[in-house]
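Listed below are the residues making up each chain.
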Amino acid sequence: MSQPSLAFIGLGTMGYPMAGHLARAGYPVTVYNRNADKAAKWLSEHGGKTAPTPESAARDADFVFTCVGNDDDLAAVILGENGGENGALYAMAEGAVLVDHTTASAGIARKIDATAQEKGIGFLDAPVSGGEAGAENGALTVMVGGNSDIFDRARPVIDTYARAVTLMGPVGAGQLTKMVNQICVAGLLQGLAEGLAFAKCAGLDGEKVVEVISKGAAGSWQMDNRALTMLKGEFDFGFAIDWMRKDLDICLAESKANGAELPMTEIINKYYKDVQEMGGGRKDTSSLILRLNQKQAGGKE
C-alpha cells in the first residue's frame with residue numbers, strides 16, 4: 001500500500017526536524033514555511049515538495065501537520081488571514097486529518113475543531129514536550145486532544161518523531177495538558193536556579209552538589225540536562241524565554257477561566273520578564289539563574 005501524503009506547515013526549531021523524520025520514514029511530504037528560504041533548505045536536505053501557501057500545501061494531503069508560533073499564527077495558517085477562509089483547512093478534502101503541534105490555547109483548538117467538523121475533517125490538538133533535542137532525536141512526548149478514532153488513524157504517523165503519544169481527552173485536552181507541563185517546568189527551573197545560586201553563596205562546589213543530589217529526590221530532567229550549563233552560564237540552546245512567557249501567559253489566562261490558583265507561576269512569569277529586560281529573551285529558559293546571579297552581585301532589584 002502507498003504511504004499517505006503529508007503536509008507540514010511551520011519549519012521552526014521544532015517543525016523542521018519533525019518534518020524531516022516524516023520524510024526519512026518514507027512519507028511524501030509537502031512543506032510550507034513563512035520564510036521560503038528555510039523551506040528550500042529543508043527540501044535540499046530531505047526531498048519532497050515545497051508550497052507557496054498553507055492552503056496549497058494542504059491540498060490533496062491525507063494528513064496536515066502544523067507547528068507555528070501562537071494562536072494568531074495558527075488561525076492565519078489554518079483558518080485564513082483576516083477571516084478570509086483561505087487557510088489550510090479550506091483546502092483539505094473531506095476525511096483528511098489535521099494535527100496541530102503548536103502550543104496554543106484550548107480555545108483556538110476548539111474553534112478549529114468546530115470548523116473542521118463542519119467540513120468532515122478530523123482534528124487533533126497535539127502539543128509536544130521534549131525541546132529541540134527531542135525533536136531532532138525523534139523522542140518527543142505528544143499530548144493529544146480529540147476523537148479516539150482520529151487519534152488511532154494519526155498515531156502511526158506521529159510515532160515517527162515521538163517516544164510517547166497519549167490521548168488525553170476531547171479536543172482542547174492536549175493543550176490543557178501542555179499547560180500543566182509548562183507550569184511544572186517553570187517551578188522546577190526556578191527551584192533549580194535558587195538551589196544552584198544558594199550553593200554558590202555557600203561556597204560549595206556546584207558540580208559536586210549536582211552530582212550528589214541528582215541521585216536523590218531532587219533529581220529531574222532539568223537537573224540532568226541544564227544544571228551544569230546553568231553553572232557555566234551557557235544558555236544558547238533549548239526553549240527561549242520569549243516562548244515560555246507566551247506559554248505561561250496562556251496558563252494564567254486559562255486559570256482565570258477555570259478557577260485554578262497559580263501563585264508561583266505568576267511570580268515566575270514575572271521573573272522571566274526580568275530576564276527579558278536584561279536582554280535574555282532568546283536565551284534558554286534555564287537562564288532564570290541570571291536574575292539571581294545579578295542580584296547576588298549587587299544588581300538592581
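Figured I'd write up the structure that's included with this text. (Residues numbered from 1 in each chain as written. Predicted model: local features only at pLDDT ≥ 70, side-chain atom pairs only at ≥ 80, totals over all residues. Heavy atoms only, no water.)

With that settled, the discussion passes to the pairing of strand 1 (residues 6–9). Neither face of strand 1 is open: one carries L6 and F8, the other A7 and I9, and all of them are buried. One ladder, built from four bridges, connects strand 1 with strand 2 (residues 29–32); its direction is parallel. For F8, the partnering residue across the bridge sits in strand 2 and is V31. In this view, the connection linking strand 1 to its parallel neighbour strand 2 by way of helix 1 (residues 15–24) has right-handed handedness. (Buried < 20%, exposed > 50% of the residue type's maximum accessible area, 1.4 Å probe, protein only. Helix = DSSP H or I, 4+ residues; strand = E, 2+ residues; numbered from the N terminus. Pairing = 2+ DSSP bridges. Right-handed = clockwise from strand over helix to strand, strands pointing away.)

Another point: the pairing of strand 9 (residues 162–169). Moving residue by residue along a regular strand, the side chains alternate between the two faces of the sheet. Pairing between strand 8 (residues 140–145) and strand 9: six bridges, direction parallel. Bridge pairing in strand 9 links V142 to V165. Each parallel crossover has a hand, and for strand 8 linked through helix 7 (residues 148–158) to strand 9 it is right-handed.

A separate point is the packing of helix 1 against helix 2 (residues 36–46). The interhelical angle for the contact between helix 1 and helix 2, taken along N-to-C directions, is 30 degrees, at an axis separation of 10 Å. In terms of their interaxial angle, helix 1 and helix 2 are classed as roughly parallel. In this structure, helix 1 meets helix 2 at a crossing whose hand is right-handed. For the pair helix 1 and helix 2, contact is made by Y16, A19, G20, A23 and R24 and by K38, K41, W42, E45 and H46, respectively. For the contact of helix 1 with helix 2, the per-class residue count stands at four nonpolar, two polar and four charged. (Axes fitted to C-alpha atoms, helices over the stretch in contact; angles between N-to-C directions. Parallel < 35°, antiparallel > 145°, perpendicular 65-115°, else oblique. Left-handed = near helix turned anticlockwise from the far one by under 90°. Contact = heavy atoms within 4.5 Å. Nonpolar A, V, L, I, M, F, W, Y, C, P; charged D, E, K, R; others polar.)

When two helices pack together, their arrangement is given by the angle between the helix axes and by the axis-to-axis distance. For the pair helix 8 (residues 173–201) and helix 13 (residues 288–296), the least separation of the axes is 8 Å and the interaxial angle reads 35 degrees. The crossing of helix 8 and helix 13 is right-handed. Note on element contacts: helix 13 touches helix 8 through L288, I289, L292 and Q296, opposite A186, L189, Q190, A193, E194, L196, A197 and C201. For the contact of helix 8 with helix 13, the residue count by class is nine nonpolar, two polar and one charged.

Positive phi is not limited to glycine here, since D60 has a value of about 70 degrees. Here D60 shows up in the loop between helix 3 (54–58) and strand 4 (63–66). Owing to a relative accessible area of 67%, D60 belongs among the exposed residues under this scheme.

Relative to the 26 Å expected for 18 residues at 1.5 Å per residue, helix 11 (residues 241–258) spans 25 Å between its end C-alpha atoms, a close match to the ideal helical length. Taken together, the buried residues of helix 11 touch helix 5 (106–118), helix 8 and helix 12 (263–280). Within two residues after helix 11, G259 carries a phi angle of roughly 85 degrees, on the positive side. (Expected span 1.5 Å × (residues − 1).)

Formed by 34 residues in total, the largest nonpolar core has its most connected members in F8, L22, V29, F65, V142 and I158. The contacts of F8, once residues within four sequence positions are left out, are G15, M18, A19, L22, V29, T30, V31, Y32, F65 and C67. Of all hydrophobic cores here, the second largest spans 27 residues; its members include A197, M230, L262 and L288. (Core = buried A, V, L, I, M, F, W, Y, C linked by side-chain atoms within 4.5 Å.)

With respect to the helices and strands, the residue Q182 is situated in helix 8. Discounting chain neighbours no more than four positions away, the residues touching Q182 are F239, M244, D247, L248 and C251.

Don't take any of this as a statement about function, it's just geometry.
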